[in-house]
Amino acid sequence: MAGSVTVPARRLAGALEPVVGQVYFAPEAHEAYEKLGFAGSPRSLRGVAAPDGPAYFCSRGSVLGQVPGEVVAGAFGVFNPEAVVPAVAYGWTLTDAAAICAARTDAARAQLVRVLGERPEGLDRARDLLERAVAPLRPEGKALFAGLRSLGLPGDPVADVWRLGDLLREFRGDAHIAAWTTAGFDATEIGLLTEPYWGVPLRSYVRSRAWTTAQLDAAEERLVARGLLADGALTDRGREEREAVEVATDRMCEPIVRALGADLDTLVDLLRPWGRAVREARGYPASGPHDLAGS
């Protein structure tokens, strides 16, 4: 089953990413978080406004409730807790989970409406298919997915599509953490393995996760000792083990693929033009992780 699931699961994840992940780069989100007391976007990524760290951790983590940074770090998985914990503690001095969660939803909708309009082509069909894809998913071990599910749907057509897509995005993210932890990797190790798997230089993307040079040095030494990295590149064994993590993630997304059946292609075809439009409007980076992964 894994082989038959992999291609459609990754295609759907890739099509969803700019439509859903745009909330982290939306000017509307940065402005809303500034009104709550956070800093604005700290820098531009080729014309795309990057998120403020505390606002990112608190807004995405808000679906878990008013939790401490240790819980957010655990749920997100790949970030250095030494950065997450104080950022979340600071954020909760500015606002609460309910307020920033509402701001996040409103901002996601606002950017999509600004770029795509109030009724983008295929909206109702996309909503129906996304709802079908989410329906069979279970919450066990899926913290961010479960938190999102507890919120229900916003009740606006565009916002509902975004929320349903976010549910699928976080479900896969939760599944991915389960896959790499089960495979015996820690966050620094999976970060270093993922870069050459994507075809980007070692210690480039993983730096955005706030790990120190010493922490990455130690992780690289462990991966070299295990025969997974050599001279900054994946060994054959390293590539095999990293691909096995992705395949395990795909396997956990099998209920999504099964629920959509032949209509998965229809959903991907609806989402892709939206994602292109968001990227062209600089609401999401020109390329993202799913592109690098070849999905």
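Everything numeric here is computed off the predicted structure, so don't read it as measured data. One numbering rule holds for all chains: residues counted from 1, following each sequence as written. Reporting in this predicted model follows two pLDDT cut-offs: at least 70 for local features of residues, and 80 or more for side-chain atom pairs to be given and counted; totals over whole chains, interfaces and linings ignore these cut-offs and use all residues. Where side-chain values are given, they derive from all heavy atoms of the structure, hydrogens and water being excluded.

Undergrad: Explain the overall build of the protein to me, please; I cannot follow it from the model alone.
TA: In this text, helices come from DSSP runs of H or I with a minimum length of four residues, and strands from runs of E with a minimum of two, each type numbered from the N-terminal end. Scanning the protein for helices and strands turns up 15 helices and four strands. Our radius of gyration is a C-alpha quantity, and the globule rule it is checked against amounts to 2.2 Å times the number of residues to the power 0.38. Expected size for 295 residues packed as a compact globule is a radius of gyration near 19 Å; at 18 Å, the protein falls within 12% of this value. The principal-axis extent of the C-alpha atoms belonging to the protein is close to 55 × 45 × 35 Å. Evaluated residue by residue, the protein yields a buried proportion of 51% over its 295 residues. Should any heavy atoms of two residues lie within 4.5 Å, those residues are counted as being in contact. Sequence-distant contacts in the protein: of pairs separated by 6 or more residues, those separated by 24 or more amount to 74%. A 1.4 Å probe rolled over the protein chains alone gives each residue an accessible area, and that area as a share of the maximum for its type sets the label: buried under 20%, exposed over 50%, partly exposed in between.

Undergrad: Just to check I follow, could you spell out the pattern of salt bridges for this structure?
TA: Side chains carrying opposite charge are able to pair once their charged atoms draw close together. Whenever a carboxyl oxygen of Asp or Glu lies within 4 Å of a side-chain nitrogen of Lys or Arg, that contact is scored as a salt bridge. By the definition in use, this model includes 25 salt bridges. The salt bridge partner of aspartate 263 is arginine 125, with a shortest N-O separation of 3.4 Å. Taken together, the positions of aspartate 263 in helix α14 (residues 263-280) and arginine 125 in helix α7 (residues 123-134) put the pair 138 residues apart, joining distant regions of the chain. Residue classification places arginine 125 among the partly exposed positions, given a relative accessible area of 36%.

Undergrad: Please clarify how the nonpolar core should be interpreted in this entry.
TA: Most often, soluble globular proteins have nonpolar side chains that are buried together. The criterion is simple. A nonpolar core is a set of buried Ala, Val, Leu, Ile, Met, Phe, Trp, Tyr and Cys residues joined through side-chain atoms within 4.5 Å. Formed by 67 residues in total, the largest nonpolar core has its most connected members in Leu12, Phe57, Phe76, Leu168, Ile256, Leu260 and Leu267. Ranked by residue count, the leading element in this core is helix α6 (residues 97-116), at eight residues. Not counting chain neighbours up to four residues away, the residues in contact with leucine 12 comprise Leu168, Ile256, Leu260, Leu264, Leu267, Val268 and Leu271. The next biggest cluster of nonpolar side chains, apart from the first, holds 20 residues, and it includes Ala187, Val206, Ala219 and Leu223.

Undergrad: Help me understand the packing of helix α8 (residues 143-151) against helix α9 (residues 157-182), please; the structure alone is not making it clear to me.
TA: When two helices pack together, their arrangement is given by the angle between the helix axes and by the axis-to-axis distance. Where α8 contacts α9, the axes come no closer than 7 Å and their chain directions differ by 160 degrees. The pairing of α8 with α9 is recorded here as roughly antiparallel in orientation. The element α8 and its partner α9 pack so that their crossing is left-handed. Here Ala143, Leu144, Phe145, Leu148, Arg149 and Leu151 of α8 come into contact with α9, specifically with Arg163, Asp166, Leu167, Glu170, Phe171 and Asp174. Every axis in this analysis is a line fitted to C-alpha atoms, fitted for helices over the stretch in contact. Angles between the N-to-C directions lie between 0 and 180 degrees. Just so you know how the angles are binned, under 35 degrees is roughly parallel, over 145 roughly antiparallel, 65 to 115 roughly perpendicular, and the rest oblique. By convention, the crossing between two helices is left-handed when the near helix turns anticlockwise from the far helix through less than a right angle, and right-handed when the turn is clockwise.

Undergrad: Explain α9 to me, please; I cannot follow it from the model alone.
TA: Spacing of three or four residues puts side chains on the same side of an α-helix, whose turn is 3.6 residues. Here α9 spans 38 Å end to end across 26 residues, near enough to the 38 Å set by a 1.5 Å rise per residue. The element α9 is extensively covered by neighbouring structure, given that 20 of its 26 residues are classed as buried. At the N-terminal boundary of α9, the capping side chain belongs to aspartate 156, with an oxygen 3.0 Å from the backbone nitrogen of valine 158. Directly after α9, the chain includes glycine 184, whose backbone phi takes a positive value near 95 degrees. Take the residue count of a helix, subtract one, and multiply by 1.5 Å to get its expected span. A 3.5 Å cut-off defines polar contacts: any pair of N or O atoms within that distance qualifies, except that in protein one atom must be a possible hydrogen donor and the other a possible acceptor, and neighbouring residues in sequence count only when both atoms are side-chain atoms.

Undergrad: Where do I start with α6 in this structure?
TA: Between its terminal C-alpha atoms α6 stretches 28 Å, which fits the 28 Å expected from 20 residues at 1.5 Å a residue. Downstream of α6 by one or two residues, glycine 117 has phi in the positive range, about 95 degrees.

Undergrad: Teacher, can you tell me more about the packing of α7 against α14 here?
TA: Where α7 meets α14, the axes come as close as 10 Å, and the angle between the chain directions of the two elements is 125 degrees. Overall, the two elements α7 and α14 adopt an arrangement that is oblique. The way α7 lies across α14 gives a crossing that is left-handed. Mapping the contact onto sequence places Leu123, Arg125, Ala126, Leu129, Leu130 and Arg132 in α7 and Asp263, Thr266, Leu267, Leu270 and Trp274 in α14. Amino acids outside the nonpolar list (Ala, Val, Leu, Ile, Met, Phe, Trp, Tyr, Cys, Pro) and the charged list (Asp, Glu, Lys, Arg) are all regarded as polar, and Gly is one of them. For the contact of α7 with α14, a count of residues per class yields seven nonpolar, one polar and three charged.

Undergrad: In this structure, what is going on with the packing of aromatic side chains? I would like to understand it.
TA: Centre-to-centre distance and the angle between the planes together describe a pair of aromatic rings. Note on aromatic contacts: the rings of Phe and Tyr and the six-membered ring of Trp form a pair at centre separations within 6.5 Å, being stacked when their planes are under 30 degrees apart, edge-to-face when over 60 apart, and tilted otherwise. All chains considered together, the criterion is met by 10 aromatic pairs. Aromatic side chains phenylalanine 25 and tyrosine 284 sit 5.4 Å apart centroid to centroid with 85 degrees between the ring planes, which places their arrangement in the edge-to-face category. Taken together, the residues phenylalanine 25 in the loop between α1 (2-21) and α2 (27-35) and tyrosine 284 in the loop between α14 and α15 (289-292) connect sequence positions 259 residues apart. Overall, the relative accessible area of 13% leaves phenylalanine 25 in the buried class. Owing to a relative accessible area of 3%, tyrosine 284 belongs among the buried residues under this scheme. Ring geometry for tyrosine 56 and phenylalanine 79: centres 5.7 Å apart, planes at 50 degrees, overall tilted. Here tyrosine 56, found in helix α3 (residues 53-61), pairs with phenylalanine 79, found in the loop between α4 (69-76) and α5 (81-91); they are 23 residues apart in sequence, far enough to count as distant. Considered together, tyrosine 56 and phenylalanine 79 belong to a single accessibility category, that of buried residues. Here a set of aromatic residues connected by ring pairs shows up, and it is made of Tyr24, Tyr56, Phe57, Phe76 and Phe79. Of note, arginine 60 hangs over the ring of phenylalanine 76, and the distance from its end group to the ring centre comes to 4.2 Å. Criterion for a charge above a ring: Arg CZ or Lys NZ at most 6 Å from the ring centre, at most 35 degrees from the ring normal.

Read these as geometric descriptors, not functional statements.
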